[in-house]
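Next come the chains, spelled out residue by residue.
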Amino acid sequence: MSSLYQVLTPAGELTAAIDGRLDESMMINMYEQMVRVRLFDRKSIHLQRQGRMGTYAPFEGQEASQVGSALALKPGDWLFPTYRDHAAAIVHGQSMARVFLYWMGHMEGSISPKGLNIMPPCVPIATQMVHAVGTAWASKLQNEQHVSLAYFGDGATSEGDFHEALNFAGVFQTPTIFFCQNNGYAISVPFSQQSASKTIAQRAAAYDIPGVRIDGNDIFAVWLTMQEAVERALNGQGPTLIEAVTFRYGAHTTADDPKKYRDQEKLAKEWRSERDPIQRLRTFLVRRGLWNDAKEAELIARANEQIDAALAEAESYPKSRPEDMFKHVYAEPTWMAVEQEGELAKPAKKEDIPA
Amino acid sequence: MIRKLTMIQAITEAMDQKMAEDSRVMLLGEDIGVNGGVFRATEDLIHKYGATRVVDTPLSEAGMIGAAIGLAMNGLIPVVEIQFLAFIYPGFEQIVSHAARMRYRTRGQYHVPMVIRTPYGAGIRGPELHSESVETFFAHVPGLKVVAPSTPYDAKGLLIAAMEDPDPVIFLEPTKLYRAFKEEVPEEMYCVPIGKAKVVREGTDISIFAWGAMLRVAEEAAKRIEREQGASCEVVDLRTIYPLDRDAIVQSIKKTGRAVVVHEAHKTAGMGAEIISIINDEALIYLKAPVKRITGFDVPVPQFSIEDDYLPTPARVMSGIVETLTF
């Protein structure tokens, strides 16, 4: 159980044959998506520093986990992200502009594109895992061929909802995939202090569901594992727990300083230079003659253009109106809401009050 | 033919008829299947609708409420039974952070048409934490509706309304009244609208506002005051705790000019405070005396040897009425 499933080594070499299960266009797509979201992530941090965005949760380092897993979904599947999984949401079809909007504090940033069930980023830890059991259960009861994918971090595995979700999913054999990005830290607390169990994958045994521990920086391992989990789910064989071992290079959020709780320079350098998910796929693709500098430059230019366009869209989005907060609390607004909304129109400042 | 049912029978009938009519309705809970629920609210429903629609879940409030949120978002209408209100706390986060907010967070894209049913209140000689009345927790959270019937007729009609409501409804069933009396309940399906109070006794001197098991206490007090003091008491069953029926409250005050609120929940920040606040806002000039609250105390609901001393009694309510009338 403590062994790590790996297909593509950090040196960009295959450890196992992938015959037929991954074609070249898919590999290129994986690479392009990872580069695209990394540029998005870096841009977001800059925007936060410039005061153009609120607090932001970066994911750099975790691209293989998020991109590889989201690529295994089909429209109609349910995606339950945490506040760090915007890469997964983008890959599954969420527009970058919406993700910007969310972090810019617009409620409309949570809206899922039509036909895709992308849930708003979940802030309380592990709570969305149970929802993914529910939506998957409903899919099963209604004979719909859809899976529900719940993302969570290593810290979530200490919460009751993690256990309740796994237990429910096991008992009712729901087509749910529990995808843990174990990045080693729950804000500042290392996994060694989070849990006495050596791995997260081993927890699956307690619920008698398949649990697999994979190299979360190896997008091939992520995607192949997800494919199997999806297949199992759609065949009525129930849930899977996937532990993707990865690392966030940066801080928990833009409000956090990782230097306080870990040897940031050493660790980030180690992971970035030795285990980076993008670098290893690039090495692999270049060796196969599928990638080169010209393509890279073209990709970066295209991605930056797309990010800039998304940013322009988000920044020109109409300013939220105060009355928007009263919408969508209930199907029909209560009399309290109607009246309280009316209070918005009353004078706000002393000098506005007529003498 | 006149057909009389207890409240628990009315509740069972509401679920039974709704399940027969709408295949999206499913029940989840602990012991609700083969056992029919600890109070037998779901008796025999598993035999009628099968174990995929009447589901005995693992012992996990967060699990069943959280899963029900997902089920509701994806096309079903789950009705969750929590065995006792004080057992709801492990699922509290799911209720307030998710069920209540899903419509808001997704700007109306997803909503959670679910019902959480739970027995509540004291007076049944239950063990510790089997007798709580913490409706305020839920009334405080935007996005939830909170309902507490006091009669079999209302229980059936309100529960059907709750199952048809597009928003999550916390459905509080006064445990003490489950089998306390029978009442004529129509055989057909009907709705009692959520958010509408009912004047159960007309009067002109004082209004008594109550809900759930306290309605009976209020009625008893009203009867005795009329008999012993000759004062005319109006009793209003609020039936819905959120949203409150402001018009009914204000109308009654305009008529009587005096009021007491009776609830078994703790006094501080209980719904009585909210009701008085509504009266202050809307009908202050009609008041002839301050509005009194006759409530449970600001102590944990005690174990049953002194449970009755915690609960408002007709005598306590009567003395509150007299104080108000003689202010």
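For every chain, the first residue of the written sequence is number 1, and numbering continues from 1 onward in sequence order. Think of it this way: whatever chain is written first is A, whatever ligand is written first is 1, and the rest follow in order. Only residues with pLDDT of 70 or above have their local features reported here, since the model is predicted, and side-chain atom pairs are shown and tallied only from 80 upward, although totals for entire chains, interfaces and linings are computed over all residues. Excluded from the side-chain calculation are hydrogens and water; included are all heavy atoms of the structure.

**Notes on the nonpolar core**
Next up, step 1: By size, the foremost hydrophobic cluster in this structure holds 87 residues, and its most contacted members are Phe-178 of chain A together with Ile-65, Met-114 and Phe-209 of chain B.
Next up, step 2: Comment: elements are numbered from the N terminus, with helices defined as DSSP H or I runs of at least four residues and strands as E runs of at least two. Considering every element that reaches this core, the biggest residue donor is helix α3 (residues 61–73) of chain B, with eight residues.
Next up, step 3: Contacts of Phe-178 of chain A, omitting those with residues within four sequence positions, involve Met-129, Val-133, Ala-150, Phe-152, Ala-165, Leu-166, Ala-169, Pro-239, Thr-240, Leu-241 and Ile-242 of chain A.
Next up, step 4: In terms of nonpolar packing, the next biggest core, distinct from the first, is built from 66 residues, Leu-73, Ala-87, Phe-100 and Leu-281 of chain A among them. Remark: nonpolar core denotes a set of buried residues (Ala, Val, Leu, Ile, Met, Phe, Trp, Tyr, Cys) joined through side-chain atoms within 4.5 Å. Note on classification: 1.4 Å probe, protein chains only; a residue is buried when its accessible area is under 20% of the maximum for its type, exposed when over 50%, partly exposed between these limits. Contacts: residue pairs with any heavy atoms within 4.5 Å of one another.

**Quick word on the domain arrangement of chain B**
All names here are of chain B.
Next up, step 1: Segment limits for the domains were obtained from an automatic or database-derived domain assignment. Partitioning chain B into domains gives domain 1 (2–186) and domain 2 (198–326).
Next up, step 2: Summarising the inter-unit geometry, the C-alpha centres of domain 1 and domain 2 are found 26 Å apart.
Next up, step 3: Contact residues are listed per partner, giving 28 residues for domain 1 and 22 residues for domain 2.
Next up, step 4: Accessible area that two parts lose when put together, with a 1.4 Å probe and added across both, is what the buried area reports. Both sides together, the interface formed by domain 1 and domain 2 hides about 2200 Å², and carbon and sulfur atoms give 55% of it.
Next up, step 5: By convention in these notes, a salt bridge is any Lys or Arg side-chain nitrogen within 4 Å of a carboxyl oxygen on Asp or Glu. At the surface where domain 1 touches domain 2, the tally comes to three salt bridges.
Next up, step 6: The salt bridge partner of Arg-125 is Asp-308, with a shortest N-O separation of 2.6 Å.
Next up, step 7: Those elements that place two or more of their residues in the side of domain 1 that touches domain 2 are α6 (135–139), β6 (145–147), α7 (152–164) and β7 (169–174).
Next up, step 8: Lys, Arg, Asp and Glu make up the charged group, whereas Ala, Val, Leu, Ile, Met, Phe, Trp, Tyr, Cys and Pro make up the nonpolar group; the residues left over, Gly among them, are polar. Per-class residue counts for the side of domain 1 that touches domain 2 are 14 nonpolar, seven polar and seven charged.

**Details of the sheet that holds strand β10 (residues 206–210) of chain B**
Residue and element names in this part refer to chain B.
Next up, step 1: Pairing between strands is defined by DSSP: at least two bridges between the two strands are required. Spatially, five strands are ordered β9-β11-β10-β13-β14 in an open sheet, and the strand pairing comes out mixed. Each end of this open sheet is capped by a strand with a single partner; those strands are β9 (198–201) and β14 (292–296). Within this sheet the neighbouring strands show an average axis-to-axis angle of 25 degrees, counted without direction.
Next up, step 2: In this structure, β10 lies alongside strand β13 (residues 259–266), joined through three bridges in parallel fashion. Counterpart to Ser-207 in the pairing with β13 is Ala-259.
Next up, step 3: The strands touched by helix α8 (residues 214–229) within the sheet are β9, β10, β11 (233–237) and β13, with β11 carrying the most contacts at an inclination of about 170 degrees.
Next up, step 4: For helices, the fitted line uses only the C-alpha atoms of the stretch in contact; every axis is such a line through C-alpha atoms, and the angle between N-to-C directions lies from 0 to 180 degrees. The strands touched by helix α10 (residues 271–283) within the sheet are β10, β13 and β14, with β13 carrying the most contacts at an inclination of about 155 degrees.

**Quick look at the environment of Val-169 of chain B**
Residues and elements named next belong to chain B.
Next up, step 1: Relative to the helices and strands, Val-169 is located in strand β7.
Next up, step 2: Separated by 57 residues in sequence, Val-169 and Val-112 place their C-alpha atoms 9.5 Å apart.
Next up, step 3: Here Val-169 is in contact with Met-114, Val-115, Ile-116, Lys-145, Val-147, Ala-162 and Ile-194, once residues within four sequence places are set aside.

**So, the UniProt feature "domain: Dehydrogenase E1 component" (unreviewed entry) in chain A**
Next up, step 1: UniProt positions are given in the numbering used here, feature names are shortened, and annotations may be inferred rather than shown by experiment. The positions that UniProt labels "domain: Dehydrogenase E1 component" (unreviewed entry) are, in the present scheme, residues 32–322 of chain A.
Next up, step 2: For residues 32–322 of chain A, the end-to-end C-alpha separation is 40 Å, with 48% helix and 11% strand making up the annotated structure.

**Thoughts on the interface of chain B and chain A**
Next up, step 1: Contacts between chain B and chain A engage 46 residues on the former and 42 residues on the latter.
Next up, step 2: Between chain B and chain A, the buried area comes to about 3600 Å², and carbon and sulfur atoms account for 63% of it.
Next up, step 3: It is Asn-74, Tyr-104 and Arg-107 of chain B in chain B that bury the most area against chain A; as a group they hold 20% of the surface buried on that side.
Next up, step 4: At the boundary of chain B and chain A, one finds one salt bridge.
Next up, step 5: Across the pair Glu-339 of chain A and Arg-246 of chain B runs a salt bridge, and its minimum N-O distance is 2.3 Å.
Next up, step 6: N or O atoms within 3.5 Å of each other form a polar contact, as long as, within protein, one can give a hydrogen and the other can take it, and as long as residues adjacent in sequence are counted only when both atoms are side-chain atoms. Our count for the contact surface shared by chain B and chain A stands at 21 residue pairs in polar contact (both at pLDDT 80 or more).
Next up, step 7: Secondary structure elements with two or more residues in the side of chain B that touches chain A: β2 (25–29), β3 (54–56), α3, α4 (92–99) and α5 (102–105) of chain B.
Next up, step 8: Here the element with the most residues in the side of chain B that touches chain A is α3 of chain B; it accounts for ten residues.
Next up, step 9: A class-by-class count of the residues in the side of chain B that touches chain A yields 22 nonpolar, 15 polar and nine charged.

**Details of the domain arrangement of chain A**
Next up, step 1: Per the domain assignment, the segments of chain A are domain 1 (6–318) and domain 2 (320–354).
Next up, step 2: Each of domain 1 of chain A and domain 2 of chain A was reduced to a C-alpha centroid, and the two centroids are 38 Å apart.

**A closer look at the pattern of salt bridges**
Residue and element names in this part refer to chain B.
Next up, step 1: Enumeration over the complete set of coordinates arrives at 39 salt bridges over all chains.
Next up, step 2: Where Glu-307 meets Arg-125, a salt bridge forms, and the shortest distance between an N and an O atom there is 2.6 Å. Here Glu-307, found in helix α11 (residues 307–310), pairs with Arg-125, found in the loop between β5 (115–120) and α6; they are 182 residues apart in sequence, far enough to count as distant.
Next up, step 3: For Glu-220, the salt bridge is made with Arg-224, and the minimal N-O distance between the two is 3.9 Å.

**Quick word on the sheet that holds β2 of chain B**
Residue and element names in this part refer to chain B.
Next up, step 1: If you walk across this open sheet you meet the seven strands as β3-β2-β4-β5-β7-β6-β12, and the pairing is mixed. The open sheet has two free edges, formed respectively by β3 and β12 (240–242), since each of these has just one partner strand. With strand direction ignored, the average angle separating the axes of adjacent strands in the sheet is 20 degrees.
Next up, step 2: As paired strands, β6 and β12 are joined by two bridges and run antiparallel to one another. Bridge pairing in β12 links Val-147 to Thr-240.
Next up, step 3: Along the sheet, helix α1 (residues 7–21) makes contact with β2, β3, β4 (77–81), β5 and β7, crossing β2 at roughly 130 degrees.

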